[in-house]
Amino acid sequence: HAIDFFLRTFQEVSRGNPDVVVASAESHCCVSALTHTSPGDYIAADGARGRRACASGTEGCPYRGEKAQRGWTDFMRGRARARGYPDTPFPYLNAGLLVGKASALLRNYRYMAVSDEEDDQAVMTDILYRRPDWLMLDYDQLLFGNNIWALGRREGCLYDWAHDRFVRRGHPYSTPLYLHFSGKFWECYKYLAKNLIHVPELALVDPDRQVVKVVTYDNPAGWTREGAGRGRTQAAR
């Protein structure tokens, strides 16, 4: 059932184009590499590689601010409008989640010709510029759900658990099978994951040291409690 749902949704998002790759979309832009370039810098009109992307976050590739990324943000918002999503809160490409035929994915990566040192998301954004027929963004969050780490858990953790699935708050049609937690958004990750699995509290007693190691979902590494008795091992739900 889940696989059938995913395939049907892919057909909807890709608009029936079997050779397109669908990428996750997010609300914030941009990786710092994009603040050093403009659309079209990485891939020339004839498909040849141009400038190389710096490695975002490194000393030689700092984030240069919103003004420096405006060419990219204006372009991606314009692409979303042209595709019928003028008001989407998720107009920007996120390279962390992709779906498509193996041949389409391989074609895109060969076109990128990215090196190990480059920021792949920056170069992939130039595919959206040069070959929009090869790349579609999931603007409605139907396949991939992106939470917004910058807003914190209360406002940025966008999904609720209802009827055995995650539903984007205020958007009942948005029920993606995959959720993304960029920016190490562990607070949201743990909050939502509790709906999927319950790990019992496991209390392990070392009879010699009289120490209990308690393992819970929130702390799988466990913590110790001194003087908890001798000779027992117990699990409690």
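In this report, the structure presented in the accompanying data block is examined.

What counts and how
Here the residue numbering is sequential within each chain, running from 1 through the sequence in written order. Only residues with pLDDT of 70 or above have their local features reported here, since the model is predicted, and side-chain atom pairs are shown and tallied only from 80 upward, although totals for entire chains, interfaces and linings are computed over all residues. The basis for every side-chain value is the complete set of non-hydrogen atoms in the structure, without hydrogens or water. In this analysis, strands are considered paired if DSSP registers two or more bridges between them. To qualify as a helix, a DSSP run of H or I must reach at least 4 residues; to qualify as a strand, a run of E must reach at least 2; elements of each kind are numbered from the N terminus. Throughout this description, the term nonpolar core refers to a set of buried Ala, Val, Leu, Ile, Met, Phe, Trp, Tyr and Cys residues connected via side-chain atoms within 4.5 Å. Each residue's exposure class comes from its accessible area (1.4 Å probe, protein chains only) as a fraction of the maximum for that residue type: buried when under 20%, exposed when over 50%, partly exposed otherwise. Two rings from Phe, Tyr or Trp (for Trp, the six-membered ring) form a pair when their centres are within 6.5 Å of each other. A pair whose planes differ by under 30 degrees is stacked, one over 60 is edge-to-face, and the rest are tilted. In protein, a polar contact means a hydrogen-donor-capable atom and an acceptor-capable atom, both N or O and within 3.5 Å, with residues adjacent in sequence counting only if both atoms are side-chain atoms; elsewhere, any N or O pair within 3.5 Å suffices. Note on contacts: a residue pair qualifies if any of its non-hydrogen atoms lie within 4.5 Å across the two residues. Directions from the helix axis toward the C-beta atoms define the arc.

Note: strand β5 (residues 159-162) against strand β6 (residues 165-168), 4 bridges, orientation antiparallel. Residue pairing in the sheet places Tyr 159 in a bridge with Arg 168 of β6. The antiparallel hairpin formed by β5 and β6 contains 2 residues in its connecting segment, where His 163 sits at a positive phi of about 55°.

To continue, consider the nonpolar core. Ranked by size, the top nonpolar core spans 54 residues in total, and within it Val 22, Tyr 42, Met 76, Leu 93, Leu 135, Leu 143 and Leu 192 carry the most contacts. Of all the secondary structure elements, the ones that give two or more residues to this core are α1 (2-13), β1 (21-26), α2 (66-82), β2 (92-99), α3 (102-112), α4 (120-130), β3 (135-137) and α6 (186-193).

Let us now look at the packing of aromatic side chains. Counted according to the given criterion, the structure contains 10 aromatic pairs. When the centroid spacing of 5.3 Å and the interplanar angle of 80° are considered together, the rings of Phe 75 and Tyr 129 count as edge-to-face. Taken together, the positions of Phe 75 in helix α2 and Tyr 129 in helix α4 put the pair 54 residues apart, joining distant regions of the chain.

The next point concerns α4. Counted residue by residue, α4 has 8 buried out of 11 residues, so it is predominantly covered. Regarding α4, the residues found buried are Gln 121, Ala 122, Val 123, Met 124, Thr 125, Asp 126, Ile 127 and Leu 128. Two or three places before Gln 121, at the opening of α4, Asp 119 has a side-chain oxygen 3.0 Å from that residue's backbone nitrogen.

Time to look at the side chain of Gln 69. Examined against the element boundaries, Gln 69 turns out to sit in helix α2. With relative accessibility at 5%, the residue Gln 69 sits in the buried group. Separated by 3.2 Å, the side chain of Gln 69 and the backbone nitrogen of Cys 30 make a polar contact. Reaching out from Gln 69, the side chain makes a polar contact with the side chain of Tyr 63 at a distance of 3.0 Å. Not counting residues up to four positions away in its chain, the partners in contact with Gln 69 are Cys 29, Cys 30, Thr 35 and Tyr 63.

We now examine unusual backbone geometry. For the bond from Cys 29 to Cys 30, the omega torsion is 15°, close enough to zero to count as cis. Of note, Cys 30 is situated in the loop between β1 and α2. The backbone of Ala 113 shows a phi angle near 45°, a positive value even though the residue is not glycine. The phi dihedral of Gln 141 is positive, around 55°, even though this residue is not glycine. In this structure, Gln 141 sits in the loop between β3 and β4 (144-146). With a relative accessible area of 0%, Gln 141 lands in the buried category.

Attention now goes to α3. Ala 104, Asn 108, Tyr 111 and Met 112 are the residues of α3 that are buried. Within α3, the buried residues cover an arc of 105° as seen down the axis, which keeps them to one side. The exposed set on the far side of α3, more than 90 degrees from its buried face, consists of Ala 102 and Arg 110. In the core, the buried residues of α3 are packed alongside β1, α4 and β3. Positive phi appears at Ala 113, one or two residues downstream of α3, with a value of about 45°.

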